[in-house]
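Inside the fold
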Amino acid sequence: LVEVYNRIVSGESRFLVDFNWFFQYRNDDPIRLLGNISFNIGVPLMVLAFFSALFMIINKNRAGLWVTITAFLPLAALVAVNPFIFTKDRYVFMTLLSWIALAAIGIHELLKHVNGAPKWIAVGVLVLLVADAGSDALLYYRANHGNRGEWNTAFSINEHHSQPDDIVVTYWPQLGSYYLDREFIQYEDI
């Protein structure tokens, strides 16, 4: 229905416009994409998951092979197509459960094979993973404000320092009208 409506109103294919957008705005840097993915999933989690995957493959565990494929294949595919089409690190979010499962298998195997005082090292690995995830969450919500701009602060500064006849430009006019009761010019209209 959206496609038919768009064809009637604008004469363009919504699907083709969206599809072409992926080729127009490609990133061309697979290493940076891999770095962003590693940062977002968590380097300690990925390292433990990688060695857990090796352990599962060496032991010829079919379930482990399946979890390994579900973690690594989408990541490899995304990095491979990165030079040709638009990709973002959020596209591999669906594989996070596989990475966590592999890391959990690694911790379970460590706890199973280590006895006595060295078992605390395996517990330390678990605490390291939880602490890393906790520090990332703390940084995300407390310091980076959920990776969202501080719009309220920006518009309050604008309201405090601007004159009534000043021209205010905003990228999102809806955002401007939400925070301030005045006229805005959209960025694209300049």
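About the criteria used
- Residues numbered from 1 in each chain as written.
- Predicted model: local features only at pLDDT ≥ 70, side-chain atom pairs only at ≥ 80, totals over all residues.
- Heavy atoms only, no water.
- Salt bridge = Lys/Arg side-chain N within 4 Å of Asp/Glu carboxyl O.
- Helix = DSSP H or I, 4+ residues; strand = E, 2+ residues; numbered from the N terminus.
- Buried < 20%, exposed > 50% of the residue type's maximum accessible area, 1.4 Å probe, protein only.
- Patch = residues over 30% accessible without salt bridge, like charges linked within 9 Å, V, L, I, M, F, W, Y side chains within 5 Å.
- Areas by Shrake-Rupley, 256 points an atom, 1.4 Å probe, with all protein chains shown as cover.
- Axes fitted to C-alpha atoms, helices over the stretch in contact; angles between N-to-C directions.
- Parallel < 35°, antiparallel > 145°, perpendicular 65-115°, else oblique.
- Contact = heavy atoms within 4.5 Å.
- Expected span 1.5 Å × (residues − 1).
- Arc of directions from axis to C-beta.
- Phe/Tyr/Trp six-rings, centres within 6.5 Å; stacked < 30°, edge-to-face > 60°.

A look at the pattern of salt bridges
Taken as a whole and judged by the stated rule, the model has one salt bridge. Where Lys112 meets Glu109, a salt bridge forms, and the shortest distance between an N and an O atom there is 3.5 Å. In this pair, Lys112 and Glu109 both sit in helix H6 (residues 96-113), three residues apart, roughly one turn of the helix. Residue classification places Glu109 among the buried positions, given a relative accessible area of 16%.

Examining unusual backbone geometry
Unlike most non-glycine residues, Lys60 shows phi in positive territory, near 55°. Checked against the element boundaries, Lys60 lands in the loop between helix H4 (43-58) and helix H5 (62-81). What makes Lys60 exposed here is its relative accessible area of 73%.

Re the environment of His161
Structurally, the position occupied by His161 is in helix H8 (residues 151-161). The exposed category is assigned to His161, whose relative accessible area is 58%. Separated by 49 residues in sequence, His161 and Lys112 have C-alpha atoms that sit 64 Å apart.

Thoughts on a nonpolar patch on the surface
Among the surface-exposed residues, Trp151, Ile167, Val169, Tyr171, Trp172, Ile185, Tyr187 and Ile190 lie close enough to one another that they form a single nonpolar patch of about 880 Å² accessible area. One can find Trp172 in the loop between strand S1 (169-170) and helix H9 (173-179).

Thoughts on the packing of H4 against helix H7 (residues 119-143)
Where H4 contacts H7, the axes come no closer than 9 Å and their chain directions differ by 140°. Considering their axes alone, H4 and H7 lie oblique with respect to each other. Along the contact surface, H4 presents Pro44, Leu45 and Leu48, while H7 presents Val125, Leu129 and Asp132.

Remarks on helix H3 (residues 30-41)
Every α-helical turn comprises 3.6 residues, leaving residues that sit three or four positions apart pointing alike. Between its terminal C-alpha atoms H3 stretches 16 Å, which fits the 16 Å expected from twelve residues at 1.5 Å a residue. Residues Leu33, Ile37, Ser38 and Ile41 constitute the buried set of H3. For H3, the angular spread of buried residues about the axis comes to 135°, placing them on one side. Set apart from the buried face of H3 by more than 90 degrees, the exposed residues are Ile31, Arg32 and Phe39. Contact partners of the buried residues in H3: H4, H5 and H6. Within two residues after H3, Gly42 carries a phi angle of roughly 115°, on the positive side.

A few points about the packing of aromatic side chains
Per the stated rule, a full pass over the model turns up eight aromatic pairs. Considering the side-chain rings of Phe50 and Phe72, the 6.3 Å spacing of their centres and the 65° angle between planes classify their relative orientation as edge-to-face. Pair noted here: Phe50 is in helix H4 and Phe72 is in helix H5, with a separation of 22 residues, a long-range link. Residue classification places Phe50 among the partly exposed positions, given a relative accessible area of 38%. Look at Phe72 and you get partly exposed, because its relative accessible area is 25%. With 4.7 Å between their ring centres and 90° between their planes, Tyr140 and Tyr141 make a pair best called edge-to-face. Here Tyr140 falls in the partly exposed class, since its relative accessible area comes to 27%. Tyr141 gets classed as exposed once you look at its relative accessible area, which sits at 58%. Taken together, Trp151, Phe155, Tyr178, Tyr179 and Phe184 form an aromatic cluster joined through their ring pairs.

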